[in-house]
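Here is how the chains run, residue by residue.
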Amino acid sequence: MRVEILIRQKREEKGYTIDKLSKLAKMSKGHLSRIERGETEPTITTLTRVAIALKVKVEELYKIHY
(Lines give C-alpha, C1' and ligand atoms only; values in the text may rest on other atoms or scores of the structure.)
Protein backbone atom coordinates (compact mmCIF):
# COMPACT_ATOMS: atom_id res chain seq x y z
CA MET A 1 0.00 0.00 0.00
CA ARG A 2 1.28 3.47 -0.83
CA VAL A 3 2.44 5.78 1.94
CA GLU A 4 -0.20 8.44 1.16
CA ILE A 5 -2.99 5.88 1.51
CA LEU A 6 -1.60 4.61 4.80
CA ILE A 7 -1.28 8.13 6.22
CA ARG A 8 -4.85 9.03 5.24
CA GLN A 9 -6.15 5.71 6.56
CA LYS A 10 -4.44 6.14 9.95
CA ARG A 11 -5.56 9.79 10.15
CA GLU A 12 -9.17 8.84 9.49
CA GLU A 13 -9.00 5.93 11.99
CA LYS A 14 -7.96 8.46 14.66
CA GLY A 15 -10.76 10.80 13.63
CA TYR A 16 -8.27 13.57 12.80
CA THR A 17 -8.85 16.21 10.17
CA ILE A 18 -5.96 17.31 7.96
CA ASP A 19 -5.91 20.52 9.99
CA LYS A 20 -5.57 18.69 13.31
CA LEU A 21 -2.90 16.27 12.08
CA SER A 22 -0.90 19.04 10.43
CA LYS A 23 -0.85 20.97 13.72
CA LEU A 24 0.14 17.89 15.72
CA ALA A 25 2.89 17.08 13.20
CA LYS A 26 4.02 20.73 13.06
CA MET A 27 3.63 21.05 9.30
CA SER A 28 1.43 23.00 6.93
CA LYS A 29 -1.99 21.72 5.92
CA GLY A 30 -1.02 22.19 2.29
CA HIS A 31 2.05 20.00 2.60
CA LEU A 32 0.15 17.23 4.38
CA SER A 33 -2.62 17.46 1.80
CA ARG A 34 -0.09 17.15 -1.07
CA ILE A 35 1.39 14.06 0.62
CA GLU A 36 -2.04 12.46 1.02
CA ARG A 37 -2.87 13.16 -2.64
CA GLY A 38 0.42 11.57 -3.72
CA GLU A 39 1.74 14.79 -5.22
CA THR A 40 4.89 14.71 -3.08
CA GLU A 41 6.79 12.07 -1.13
CA PRO A 42 7.42 12.73 2.56
CA THR A 43 10.97 12.87 3.81
CA ILE A 44 11.90 10.50 6.63
CA THR A 45 11.75 13.50 8.99
CA THR A 46 8.23 14.37 7.87
CA LEU A 47 7.16 10.74 8.03
CA THR A 48 8.53 10.51 11.57
CA ARG A 49 6.64 13.64 12.67
CA VAL A 50 3.41 12.29 11.17
CA ALA A 51 3.93 8.91 12.86
CA ILE A 52 4.53 10.56 16.23
CA ALA A 53 1.41 12.72 15.80
CA LEU A 54 -0.63 9.61 14.91
CA LYS A 55 0.98 7.60 17.75
CA VAL A 56 2.09 4.82 15.39
CA LYS A 57 5.45 3.38 14.36
CA VAL A 58 7.00 4.82 11.21
CA GLU A 59 6.96 1.29 9.79
CA GLU A 60 3.16 1.31 9.92
CA LEU A 61 3.12 4.22 7.47
CA TYR A 62 5.74 2.86 5.14
CA LYS A 63 4.90 -0.74 4.37
CA ILE A 64 6.50 -2.17 1.28
CA HIS A 65 4.49 -4.69 -0.69
CA TYR A 66 6.06 -6.66 -3.51
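Preceding block: the structure.
All values derive from a computational prediction rather than experimental measurement. (Residues numbered from 1 in each chain as written. Predicted model: local features only at pLDDT ≥ 70, side-chain atom pairs only at ≥ 80, totals over all residues. Heavy atoms only, no water.)

(A) Geometry of the overall build of the protein. Check the secondary structure of the protein and you find five helices and zero strands. N-terminal to C-terminal, the α/β element order of the protein is α-α-α-α-α. In terms of overall dimensions, the protein has a C-alpha envelope of 35 × 25 × 20 Å along the principal axes. The buried share among the 66 residues of the protein stands at 36%. Considering only intrachain contacts with a sequence separation of at least 6, the fraction spanning at least 24 residues in the protein is 55%. Accessible surface for the protein amounts to roughly 4,400 Å². Of this, 54% is attributable to carbon and sulfur atoms. Both charge centroids of the protein, one from 15 positive and one from 9 negative side chains, sit 5 Å from each other. (Helix = DSSP H or I, 4+ residues; strand = E, 2+ residues; numbered from the N terminus. Buried < 20%, exposed > 50% of the residue type's maximum accessible area, 1.4 Å probe, protein only. Contact = heavy atoms within 4.5 Å. Areas by Shrake-Rupley, 256 points an atom, 1.4 Å probe, with all protein chains shown as cover. Lys, Arg positive; Asp, Glu negative; His and termini not counted. Charge placed at Lys NZ, Arg CZ, Asp CG, Glu CD.)

(B) Molecular detail of the nonpolar core. Counting 15 residues, the largest nonpolar core has Ile 7, Leu 21, Met 27, Val 50, Leu 54 and Leu 61 as the members making the most contacts within it. Going through the elements one at a time, helix H1 (3-14), helix H3 (29-36) and helix H4 (44-54) are the ones with two or more residues in this core. Broken down by element, this core gets its largest block of residues, five residues, from H4. (Core = buried A, V, L, I, M, F, W, Y, C linked by side-chain atoms within 4.5 Å.)

Interpretation note: all reported values are geometric properties and have no functional meaning in isolation.
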